[in-house]
Amino acid sequence: MRLHLQRRSMHMDAAGEVLLERRGCAGVITLNRPKFLNALNLNMIRHIYPQLKNWEQDPETFLIIIKGAGGKAFCSGGDIRVISEAGRANQKIAQDFFREEYRLNNAIGSCQKPYVALIHGITMGGGVGVSVHGQFRVATEKSLFAMPETAIGLFPDVGGGYFLPRLQGKLGYFLALTGFRLKGRDVYAAGIATHFVDSEKLGMLEEDLIALKSPSKENIADVLEAYHTKSKIDQDKSFILEEHMDKINSCFSANTVEQIIENLQQDGSSFALEQLKVINKMSPTSLKITLRQLMEGSSKTLQEVLIMEYRLSQACMGGHDFHEGVRAVLIDKDQSPKWKPANLKEVTEEDLNSYFKSLASNDLKL
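Residues numbered from 1 in each chain as written. Predicted model: local features only at pLDDT ≥ 70, side-chain atom pairs only at ≥ 80, totals over all residues. Heavy atoms only, no water.

Looking up the protein in an unreviewed UniProt entry gives the name 3-hydroxyisobutyryl-CoA hydrolase, with the organism given as Felis catus. As stated in UniProt under Pathway (unreviewed entry), the record for the protein gives "Amino-acid degradation; L-valine degradation." (UniProt positions renumbered as here; feature names shortened; annotations may be inferred.)

See below:
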């Protein structure tokens with residue numbers, strides 16, 4: 001009797017920041033910087049992209065799984081401290097990082113193979129970009145989702161302009177402007193995740209997916225559905241924002257940030273005033289960019305959105321608020337950014353238009 005050995009190959013770069021393995025019927029990507037909450041850097045992106053493209057073409061690979069190492073985070077976002085330092089020094093990495101990150105986001109969005117992201121733990125910013133555009137996203141009770149970019153003088157990029165306005169009602173606009181955090185089953189209820197699984201079953205789920213024989217998309221969906229149906233944690237819990245959805249839908253349907261603020265003041269409920277307090281701390285420039293990004297993104301394709309967001313990213317690299325936000329939140333940690341302009345009325349239509357301007361031959365090519 002011949003022993004049939006499962007083909008299992010592993011590629012690791014020198015630092016092992018991302019692990020790429022063929023296991024059973026699947027290609028498995030493991031983000032492997034647990035000390036940095038699996039924050040995404042250019043090196044990782046440059047390893048994942050070509051492998052994703054290879055697996056997409058490989059007739060032996062039937063699905064792609066992406067997960068984070070260490071149990072605490074799936075991926076806490078892009079390694080923005082490094083990008084800010086590079087941007088300030090005018091190094092090319094600030095262009096390359098966003099260009100190659102958005103290209104990866106697009107490759108995930110257009111991937112012809114079922115793509116399963118196990119978004120267990122912290123999933124923010126760039127971590128959302130390598131999960132939410134895939135076909136399947138599995139949350140657990142430990143999932144923590146946010147797009148917190150307006151607090152650091154950026155905007156909810158990585159295709160946020162595409163997926164956020166497509167969430168129920170004005171939920172995406174609310175999440176984008178406030179950076180509100182969703183936890184556990186709420187990540188599923190909001191539509192960020194497609195399935196919810198108790199974290200103790202995550203390892204078994206992965207093994208079951210890998211063991212499938214030449215699965216179709218439907219076979220994969222059936223396994224995920226079975227685990228989802230059996231999940232017990234917070235089964236009967238209603239969506240944390242359920243009782244506030246009417247307020248969110250009415251307050252955040254305005255097409256200027258000033259009007260949203262006015263709506264929240266008029267509403268006067270403790271929920272509305274809490275959100276007002278949060279919004280008032282954010283970069284005024286980021287708030288205005290973000291609202292327009294989502295409004296425009298609501299009728300664009302993912303590719304069109306990423307091209308728009310690349311323009312915005314480069315304008316932010318050349319501006320003041322992003323570097324100041326990174327300083328205040330990540331470097332000095334004084335949490336007191338000094339935004340310029342310091343208030344909304346000083347961010348003119350002209351300023352705003354300049355952020356959205358074409359970069360001509362430097363535009364993102366997908």
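From this point on, the discussion continues.
Draft legend 1. Region of the structure containing the overall build of the protein. Assigned secondary structure in the protein consists of 16 helices and eleven strands. Overall, the protein is about 80 × 50 × 40 Å in size when its C-alpha atoms are taken along their principal axes. Residues counted as buried form 55% of the 366 residues belonging to the protein. The contacts in the protein between residues at least 6 apart in sequence include a share of 72% that link residues at least 24 apart. When the accessible area of the protein is evaluated, it comes to approximately 16,300 Å², of which 50% is carbon and sulfur surface. The distance from the centre of the 44 positive side-chain charges to the centre of the 44 negative ones in the protein is 4 Å. (Helix = DSSP H or I, 4+ residues; strand = E, 2+ residues; numbered from the N terminus. Buried < 20%, exposed > 50% of the residue type's maximum accessible area, 1.4 Å probe, protein only. Contact = heavy atoms within 4.5 Å. Areas by Shrake-Rupley, 256 points an atom, 1.4 Å probe, with all protein chains shown as cover. Lys, Arg positive; Asp, Glu negative; His and termini not counted. Charge placed at Lys NZ, Arg CZ, Asp CG, Glu CD.)

Draft legend 2. Spatial organisation of the side chain of D198. Inspection of the secondary structure puts D198 in the loop between β11 (195-196) and α8 (202-210). Despite its burial, D198 pairs with no opposite charge, the nearest such side chain being R185 at 4.8 Å. A polar contact is formed between the side chain of D198 and the backbone nitrogen of I233, at a distance of 3.2 Å. Those residues within four positions of D198 in sequence are excluded, and the remaining contacts are E141, S231, K232 and I233. (Salt bridge = Lys/Arg side-chain N within 4 Å of Asp/Glu carboxyl O. Polar contact = N/O pair within 3.5 Å; in protein donor to acceptor, adjacent residues only side chain to side chain.)

Draft legend 3. Representation of the sheet that holds strand β5 (residues 73-75) within the structure. Read from one edge to the other, the open sheet built from four strands follows the order β5-β7-β9-β10, with strand pairing classed as mixed. Two strands close off the open sheet at either side, each with one partner strand: β5 and β10 (182-183). Across three bridges, strand β7 (residues 122-124) lies against strand β9 (residues 144-146) in parallel orientation. Looking at the pairing, T123 lines up with F145 of β9. (Pairing = 2+ DSSP bridges.)

Draft legend 4. Fine view of the pairing of strand β6 (residues 115-119). Here β6 lies mainly inside the structure; five of its five residues are buried. Side-chain alternation along β6 places Y115, A117 and I119 on one buried face and V116 and L118 on a second face that is also buried. For strand β4 (residues 63-68) and β6, the ladder comprises three bridges, and the chain directions are parallel. Across the sheet, I66 pairs through a bridge with A117, a residue of β6. As paired elements, β6 and strand β8 (residues 136-139) share four bridges and run parallel to each other. For L118, the partnering residue across the bridge sits in β8 and is V138.

Draft legend 5. Inspection of the UniProt feature "domain: Enoyl-CoA hydratase/isomerase" (unreviewed entry) in the protein at higher detail. Within this numbering scheme, the UniProt entry marks residues 27-356 as carrying the feature "domain: Enoyl-CoA hydratase/isomerase" (unreviewed entry). Structurally, residues 27-356 is divided into 49% helix and 10% strand, and its ends, taken at the C-alpha atoms, are 37 Å apart.

Draft legend 6. Layout of the packing of aromatic side chains. Going through the model one piece at a time under the given rule, you end up with six aromatic pairs. On the basis of an interplanar angle of 45° and a centroid distance of 5.3 Å, the ring pair of F174 and F180 is categorised as tilted. On the numbers, 5.9 Å between centres and 40° between planes, the contact of F174 with F271 is tilted. Here F174 is found in helix α6 (residues 171-178), whereas its partner F271 is found in helix α12 (residues 270-279), with 97 residues between them in sequence. Every member of this aromatic cluster is reached through a ring pair, and the members are F97, F98, Y102 and Y310. Across the ring face of Y227, the terminal group of K230 is positioned such that the distance to the ring centre comes to 5.7 Å. One cation-aromatic arrangement involves R292 over F356; the distance from NZ or CZ to the ring centre is 4.2 Å. (Phe/Tyr/Trp six-rings, centres within 6.5 Å; stacked < 30°, edge-to-face > 60°. Lys NZ or Arg CZ within 6 Å of the ring centre and 35° of its normal.)

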